[in-house]
Amino acid sequence: WDSLHIGVGDVIRISDDELYMYYLGGSHEVVEGIMPGMSLAGFRMRIGRARSLDQGRTWEKEGIVLDLDDSEGLFASWPRIVRPNDDKNNNSDGGGDDEPWQMIYHTYDGSRWKVYGATSTDQGKTWKRKGLLLEGGSSNDSFDLQGIGTRALAPWKNGMLMIYEGVDSKQKHNFGAAFCSDPNGAGSWTKIKDIDGFQQEGGPVAQPGRKPMGPWTTLIIGTPYLVNMPDGSLRLYHCGKESMEKGHAIGLMISDTGEISPDAWKPAMVGADHE
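Fair warning: this is a prediction, and the values are worked out from it, not measured in the lab.

Novice: What am I meant to see in the side chain of Arg-46 here?
Specialist: Looking at the element boundaries, Arg-46 is found in strand 5 (residues 45-52). Residue classification places Arg-46 among the buried positions, given a relative accessible area of 15%. A distance of 2.7 Å separates the side chain of Arg-46 from the side chain of Asp-67, its partner in a polar contact. Other than its neighbours up to four places away in sequence, Arg-46 contacts Trp-1, Tyr-23, Leu-24, Gly-25, Ile-64, Leu-66, Asp-67, Leu-68 and Ala-76.

Novice: Help me understand the sheet that holds strand 15 (residues 220-228) in this model?
Specialist: Working definition: the strands of a sheet are paired by backbone hydrogen bonds and lie parallel or antiparallel to each other. The four strands are arranged 15-16-17-18 in an open sheet whose pairing can be described as antiparallel. Because the sheet does not close on itself, it has two edges, and the strands there are strand 15 and strand 18 (266-267). Sheet topology note: the strand 17 (residues 249-255)/strand 18 ladder contains two bridges and is antiparallel. Looking at strand 18, one finds that Met-253 is bridged to Pro-267.

Novice: Hey, could you run me through the pattern of salt bridges in this one?
Specialist: Side chains that carry opposite charge are capable of pairing whenever their charged atoms lie near each other. Taken as a whole and assessed by the stated rule, the structure comprises 14 salt bridges. In this structure, Arg-80 engages Asp-10 in a salt bridge whose closest nitrogen and oxygen atoms are separated by 3.0 Å. Here the residue Arg-80 occupies a position in strand 7 (residues 77-82), and Asp-10 occupies one in strand 1 (residues 5-13), the gap between them amounting to 70 residues. Of the residues examined, Asp-10 reaches a relative accessible area of 3% and is grouped as buried. Residue Lys-246 is joined to Glu-242 by a salt bridge in which the shortest nitrogen-to-oxygen separation is 3.2 Å. Given the relative accessible area of 40%, Lys-246 is considered partly exposed. Note on Glu-242: relative accessible area 26%, which makes it partly exposed.

Novice: Explain the sheet that holds strand 1 to me, please; I cannot follow it from the model alone.
Specialist: The strand order across the open sheet built from four strands is 1-2-5-6, with neighbouring strands paired in antiparallel fashion. A strand with exactly one partner marks an edge of an open sheet, and here the two such strands are strand 1 and strand 6 (60-66). Adjacent strand axes in the sheet meet at a mean angle of 30° when their direction is disregarded. Sheet topology places strand 1 next to strand 2 (residues 19-26); eight bridges connect them, and they run antiparallel. Pairing of His-5 across the sheet is with Gly-26, part of strand 2.

Rules and cut-offs
For every chain, the first residue of the written sequence is number 1, and numbering continues from 1 along that sequence. Whole-chain, interface and lining totals are the exception, using all residues; otherwise, since this is a predicted model, local features are given only for residues with pLDDT of at least 70 and side-chain atom pairs are given and counted only at 80 or more. Hydrogens are left out, water is left out, and the side-chain values use all remaining heavy atoms of the structure. Secondary structure counts use DSSP, requiring at least four H or I residues in a row for a helix and at least two E residues in a row for a strand, with both numbered from the N terminus. Type-normalised accessible area, obtained with a 1.4 Å probe on protein chains alone, sets the label of each residue: buried when under 20%, exposed when over 50%, and partly exposed for intermediate values. In the analysis that follows, any N or O atom pair within 3.5 Å is treated as a polar contact, provided that within protein one partner can donate a hydrogen and the other can accept it, and provided that, for residues neighboring in sequence, both atoms belong to side chains. Should any heavy atoms of two residues lie within 4.5 Å, those residues are considered in contact. Paired strands, as defined in this entry, are two strands with at least two bridges between them according to DSSP. Criterion for a salt bridge: a side-chain nitrogen of Lys or Arg within 4 Å of a carboxyl oxygen of Asp or Glu. Lines are fitted to the C-alpha atoms to define the axes, a helix being fitted only along its stretch in contact, and any angle between axes, read from their N-to-C directions, falls within 0 to 180 degrees.

This is the structure:
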């Protein structure tokens, strides 16, 4: 099931020596018709787990923990894990055994990307689906009309913040945001543009090639990774690409205040166009 490719979702520390790695994998099965005249292998992705008993030096695969479900879409992929009661949910050791763990992943049904959830009551060993969590906007000018893909999670304002990759009608990728009032991410998710007082202007948190993003992101931004810092600031790591002729690069945006409106962010290296 993971013979063609794999990608890491999250690594969770269980104890001083033991780690779980939740990852996505794709097989050589060919899927027809994703795009006109195109056949793709590796698209039927599933979510698996590997285990390390030596602090991540070596790993042993433990198989699929969440298979794809055709009622959701063509795959299940890019898992993000929330372990309740950890120290600020930063995947540190301690706690988290008395409440369900949360897995947040995304799918694609041939036309739209959607975010689904699953829960585990046995400390991440087995998972049960909980259904649709978040999907794209309904109006033609929505920045996430085509749906929501990769996403990052971090504790925020006594709840949990999600920064996600949204795709508009022209296949342009932007960063949006959603909020869950439950600090363990166990409740419902609401797009922040719909919550009064959180983001007055609404719309995307960041767009490719527009400030605070640099010109090296003109073609695309994606795969956000969000870190909340002890001083209340936020760090948003992401990939970017300037043109078809240039390769992908990794960037970092910082919000000193911990707010997420477009004007709250600044590049980690002010004046750096390509770093």
